[in-house]
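Descriptive analysis of the structure
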Amino acid sequence: MASIQDRWRRRDPVTGRLVPTAQDGKGLRYRPQFRDPEGRQVAKSFALKRDAQRWLDEQTAHVARGTYVDPGAGRVTFAEFYADWSERQVWAPGTVLAMRLAAHSVPFADVPLRSLRRSHVEGWVKGMVNRGLAPGTVHTRMNNVRAVLRGAVADKLIPTDPSVGVALPRRRRPQAAMALPTAAQVGAVLDAAASAFRPFVALCAFAGLRLGEAAGLRVEDIDFLRRTLTVTRQVQRAGRGQVEVRPPKYGSERVVFLAPGLVEMLAAHIAGQDAGGGWMFTGEGDQPPHQNTVGHRWRTATTAAGISGLRLHDLRHFYASGLIASGCDVVTVQRALGHSSATTTLSTYSHLWPSAEDRTRAAAQALLAEARGPEADRSSTGDR
């Protein structure tokens, strides 16, 4: 039961009057106390009764809401908590590396969690900005460190996440940051690419595969009769020329519907190469290629085509833009690209969908053409 003890006065059981105790005038007078969810008695001393009552009300309210945090908790440092917490997480290898990089980059690694303030996090973010890190990198590292701090909140080591509300650098809008190659540029790179690498480029440009997904493709993943391709794995670099084959990003396992011309290109590629351990493309020996190998082949092709600044990943945007221009809806594009949600698709490509103004003009022109027939088409053509 919660109560407030007056350490300087007690009530005489006979007279009912307040009389001095042996502690009269010594230390702080009022000592509120209560039992925490574990049944342990918690107490603290105050000079004023109103302060003692306020503290007691706050603590008992936290107990009632289930948000109580032991005042003695949070002694462990950020680094100590991360080392323990990370061992309990189920992460893909790539996530392990990204989380470790973010957690080891903070300057408050040795600060006890209960002493961690928003100012610590703000100083860390400002330091990254001053070092010239890209806004996207800063956002990613913040999200990873925030996951650690939320873990500490969930373990009731700290009452709140000190990173909440910290301002981050603005990222460029998708339409400004995205590089969309033209059809002519894609055609030029295809023509300039080595024959064994040309189908790889085509898979990225006309099927929207990520680099790792195309590298991890096996012959049996292609159904030539139904003209489909199943994405079930990706290739990641493992160091020292080795590769690691693992499932694709969350939500990215999918079936891609292939253009007939791409099916023919893939069939000719398979017919003209050795088995290669069953891989569509090979790197060292019978291993699938990793990022360095693909990157070298891509740079060689773009240089030969006389094109600079074009990334292989931009071909995925080229594919998405083509689907959107052909009238595909959000869900269709999401499934084709292997996005985990339609929200991801919209946040990346919303600027490519026709606007309300575009649809209004197109609808009005269709009505005009229906009402006036060929004359409307001739007048609209003559105005251009």
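Residues numbered from 1 in each chain as written. Predicted model: local features only at pLDDT ≥ 70, side-chain atom pairs only at ≥ 80, totals over all residues. Heavy atoms only, no water.

Bringing the overall build of the protein into the picture now. Helix and strand counts for the protein come out as 16 helices and 10 strands. For the protein, the C-alpha atoms occupy an extent of roughly 105 × 65 × 40 Å along the three principal directions. For the protein, the proportion of its 384 residues judged to be buried stands at 36%. At a minimum sequence separation of 6, the contacts of the protein that also span at least 24 residues come to 57%. (Helix = DSSP H or I, 4+ residues; strand = E, 2+ residues; numbered from the N terminus. Buried < 20%, exposed > 50% of the residue type's maximum accessible area, 1.4 Å probe, protein only. Contact = heavy atoms within 4.5 Å.)

This next bit is on the sheet that holds strand S5 (residues 41-43). The 3 strands are arranged S1-S4-S5 in an open sheet whose pairing can be described as antiparallel. A single partner strand is all that each edge strand has here, and the edge strands are strand S1 (3-6) and S5. Averaged over all pairs of adjacent strands, the angle between strand axes in this sheet comes to 30°, irrespective of strand direction. Note that strand S4 (residues 30-35) and S5 share 3 bridges and pair antiparallel. Its bridge partner lying in S5, Arg35 is registered against Gln41. Packing against the sheet, helix H1 (residues 49-65) makes contact with S1, S4 and S5, and its axis sits at approximately 10° to S4. (Pairing = 2+ DSSP bridges. Axes fitted to C-alpha atoms, helices over the stretch in contact; angles between N-to-C directions.)

Looking now at the nonpolar core. Grouped together as the largest cluster of nonpolar side chains are 46 residues, with contacts concentrated most on Phe200, Leu203, Leu229 and Leu258. Counting residues per element, the ones that place at least two in this core are helix H7 (183-192), helix H8 (198-206), helix H9 (211-215), strand S7 (228-231), helix H10 (260-271), helix H11 (291-305), helix H12 (314-325) and helix H13 (330-337). Sequence-distant contacts of Leu229, defined by excluding residues within four places in its chain, comprise Leu203, Leu209, Leu217, Asp221, Ile222, Arg254, Val255, Val256 and Leu258. Counting 25 residues, the second largest nonpolar core, distinct from the first, contains Ala102, Phe108, Leu113 and Met128. (Core = buried A, V, L, I, M, F, W, Y, C linked by side-chain atoms within 4.5 Å.)

Of all 9 residues that make up H8, 7 are buried, and the element is covered over most of its length. When we look at burial in H8, the residues that qualify are Pro199, Phe200, Val201, Ala202, Leu203, Cys204 and Ala205. In this structure, the buried side of H8 is in contact with H7, H9, S7, H10, H11 and H12. Trailing H8 by a residue or two, Gly208 shows a phi angle of about 70°, which is positive.

Summed over the entire model, instances satisfying the criterion amount to 10 aromatic pairs. Taking the centre distance of 5.5 Å and the plane angle of 70° together, the rings of Trp85 and Trp91 count as edge-to-face. A relative accessible area of 9% places Trp85 in the buried class. By relative accessible area, Trp91 is classed as partly exposed at 25%. Here a set of aromatic residues connected by ring pairs shows up, and it is made of Phe81, Tyr82, Trp85 and Trp91. Taking the ring centre of Trp279 as reference, the NZ or CZ of Arg218 above it sits at 4.5 Å. (Phe/Tyr/Trp six-rings, centres within 6.5 Å; stacked < 30°, edge-to-face > 60°. Lys NZ or Arg CZ within 6 Å of the ring centre and 35° of its normal.)

Excluding glycine, most residues fall at negative phi; most peptide bonds, likewise, are trans. Backbone geometry at Lys156 places phi at a positive 60°, although glycine is not the residue there. Its location among the elements puts Lys156 in the loop between helix H5 (135-154) and helix H6 (174-177).

Read across the sheet, 3 strands follow the order S6-S7-S10 without closing on themselves; strand pairing throughout is antiparallel. This sheet does not close on itself; its edge strands, each paired only once, are strand S6 (222-223) and strand S10 (254-257).

Right, let's talk about the layout of surface pockets for a bit. Each pocket or cavity is described by its volume, and for the largest pocket that value is around 1600 Å³. If you go around the largest pocket, you meet 38 residues; those closest to its centre are Thr140, Arg210, Lys249, His313 and Thr344. Contributing elements (two or more residues each) for the lining of the largest pocket: helix H3 (93-104), H5, H6, strand S8 (234-239), strand S9 (242-246), H12 and helix H14 (342-349). Looking at the lining of the largest pocket, its residues break down into 13 nonpolar, 16 polar and 9 charged. (1 Å grid on protein atoms, 1.4 Å probe; cavity = no way out; pocket = protein on both sides within 12 Å on 5 of 7 lines; lining within 4 Å. Points joined across faces, edges and corners; volume = space filled by probe spheres on them. Nonpolar A, V, L, I, M, F, W, Y, C, P; charged D, E, K, R; others polar.)

So, on to the side chain of His339. Among the structural elements, His339 can be located in the loop between H13 and H14. Judged by relative accessible area, which is 10%, His339 ranks as buried. Those residues in contact with His339 that lie beyond four places of it in its chain are Arg210, Gly251, Arg316, Gln334, Thr344, Thr345 and Tyr349.

What follows deals with the pattern of salt bridges. All chains considered together, the criterion is met by 15 salt bridges. Among the salt bridges present, the one from Asp51 reaches Arg54, with a minimum N-O distance of 2.9 Å. Taken together, the residues span about one helical turn, with Asp51 and Arg54 both in helix H1 at a distance of 3 residues. On the basis of relative accessible area, Arg54 is assigned to the partly exposed category, the value being 45%. The salt bridge partner of Asp221 is Arg233, with a shortest N-O separation of 2.5 Å. Residue Asp221 is located in the loop between H9 and S6, and its partner Arg233 is located in the loop between S7 and S8; the two are separated by 12 residues in the primary sequence. (Salt bridge = Lys/Arg side-chain N within 4 Å of Asp/Glu carboxyl O.)

This part takes up the side chain of Thr77. Among the structural elements, Thr77 can be located in the loop between H1 and helix H2 (78-86). In this structure Thr77 comes out as buried when scored by relative accessible area, which is 13%. Sequence-distant contacts of Thr77, defined by excluding residues within four places in its chain, comprise Ala109, Asp110, Val111, Pro112 and Leu113.

What follows concerns the confidence of the model for the protein. When pLDDT is averaged across the protein, the result is 89; 94% of the residues are at 70 or more. Averaged pLDDT values for the elements of the protein fall to 56 in helix H16 (residues 374-382) and rise to 97 in helix H4 (residues 118-130). (pLDDT = per-residue confidence, 0-100.)

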